[in-house]
Every structure is written in C-alpha cells, then in structure tokens.
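Residue strings, one per chain:
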Amino acid sequence: RVALQRIVRTSDQFEPAINAARRFHREEALRIAVQTLQGRASASAAGKAYADLADACVDALAEVALAEVARLHGDPPGAFAIVGLGSFGGHEMTAGSDLDIMLVFDAADGAQSTGGRALLAGEYFTKLTQRLVSALSAPTEEGLLYDVDMKLRPSGSKGPVAVRLSGFAHYYAKEAWTWELMALTRVRIVAGDMILGAHVVE
C-alpha cells in the first residue's frame, strides 16, 4: 500500500497517477498469478493477496480522487470512508473480480467545502465517488484496473452514490432486505477516515 501511494504521489495530475496505478497493479497481479501457478500460494492465499492489492489501489486512488475534487472545490466538508463488500470485503478475490464498494460520509447539516466553487457535503462526496470510480474503472492507455460495482449500497442503483452515515444507519435498521443485511457481514473499511469507518461497521 505504501509503495503504491509513493508512486502515485510523484504525479500532481490525475491521468498520470491512475496510469501509474495500473502499471503497479499489472505487475503485482502477475506476481500473484505466477506464485499461484507454481504452487507457492494456495487459492485462499491468492484471494487475500488480490484483495490486499485492491486495497492498495482503492486507498491510493481515493487520495488521488480527493486531491482532484479538492483542487476544484476546496477541502471536504466532512469525513468519508470507503467500504468494501462482497468478495472484496471478504478477502476472496480472483484476478478477474470486480470491486463492490460504497462511500459513506458524515458532515454537519449545511456544511460546505472551502473552495471558491464550494459544494454542499452531499454534492462534494458525490463528485468524489464519481471521480474515484473513474480512477478505478476508466480504460486508459495502460489498460483497465477494475470493474466497480456499487449496487450493494442502500437502495441499490436507485440510491445516492455517496451515502450519508445517518441515512446508512436508518436504511439498515429500518428498510434493508435480509440479503442486504447478510451482505453487511462482509463489510470492512478499505480507505478514508478510520474513526468514521468504525461507526459504519458497528
């Protein structure tokens, strides 16, 4: 994780940073595949290694996406955490797995970012989510990184892409289907504010 952060921080632009992440991912994924084929890593160990690699990519690119949004709209008006679910959350990935993620944020009512083009918290974190998804899934000259699936968020594809903590808590306490509650058993925090993340997984 630290190695990839160091690599992407060498660029102060969005596109070069996400290309650097793709090169890093390609090299590390090949290393995991070779170790698995040679019998030096079990399937379960490979699944965890692929998930650890995805953790590194999400963490580094969340930082890149935040820097891009902050450049346009100022510092964030609250905290956010990136949640991993599904096979990603359960450390059971393969080379071709997609990423089940959710962005949860917390901010005071009416809070705005600090920039000249200030945004309310919901708008700001929606833009951050969209930028993160683009950083993770947009094809570039360095190829693809991950397909991103956000359908496990509250209300699925009909719900907001960035979920306020209070809305997250209400949904899973009052409205979620049984299978959605089961999906929460594999939730873990991948990036962002760890204090907020602890509230999410409580």
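Residues numbered from 1 in each chain as written. Predicted model: local features only at pLDDT ≥ 70, side-chain atom pairs only at ≥ 80, totals over all residues. Heavy atoms only, no water.

Draft legend 1. Seen up close, the pattern of salt bridges. Applying the stated criterion across every chain yields a total of 10 salt bridges. As a salt-bridge pair, Arg31 and Glu28 come within 2.8 Å of each other at their nearest N and O atoms. Separated by 3 residues within a single helix, Arg31 and Glu28 lie in helix α2 (residues 14-37), roughly one turn from each other. We note a salt bridge from Glu68 to Arg71, for which the minimum N-O separation is 2.9 Å. Taken together, the residues Glu68 and Arg71, both in helix α3 (residues 43-73) and 3 residues apart, mark about one turn of the helix. Judged by relative accessible area, Arg71 falls into the exposed class, the value being 58%. Where salt bridges share partners, they join Arg23, Arg26 and Glu142 into one cluster. (Salt bridge = Lys/Arg side-chain N within 4 Å of Asp/Glu carboxyl O. Helix = DSSP H or I, 4+ residues; strand = E, 2+ residues; numbered from the N terminus. Buried < 20%, exposed > 50% of the residue type's maximum accessible area, 1.4 Å probe, protein only.)

Draft legend 2. Looking closely at the pairing of strand β2 (residues 99-106). Of all 8 residues that make up β2, 7 are buried, and the element is covered over most of its length. As judged from the 7 bridges shared by strand β1 (residues 79-85) and β2, these two strands associate in the antiparallel manner. By the bridge assignment, Ala79 is partnered in β2 with Asp106. Of the crossover connections in this fold, the one passing from β2 over helix α5 (residues 121-137) to the parallel strand β3 (residues 148-149) is right-handed. (Pairing = 2+ DSSP bridges. Right-handed = clockwise from strand over helix to strand, strands pointing away.)

Draft legend 3. Quick look at the side chain of Ser97. With respect to the helices and strands, the residue Ser97 is situated in the loop between α4 (86-89) and β2. One polar contact links the side chain of Ser97 to the main-chain amide nitrogen of Thr94, over a distance of 2.8 Å. Those residues within four positions of Ser97 in sequence are excluded, and the remaining contacts are Ser87 and Tyr146. (Polar contact = N/O pair within 3.5 Å; in protein donor to acceptor, adjacent residues only side chain to side chain. Contact = heavy atoms within 4.5 Å.)

Draft legend 4. Spatial organisation of the environment of Tyr50. When you line up the elements, Tyr50 lands in helix α3. What Tyr50 contacts, discounting residues up to four positions off in sequence, is Ala29, Ile32, Ala33, Met93, Thr94, Ala95 and Tyr146.

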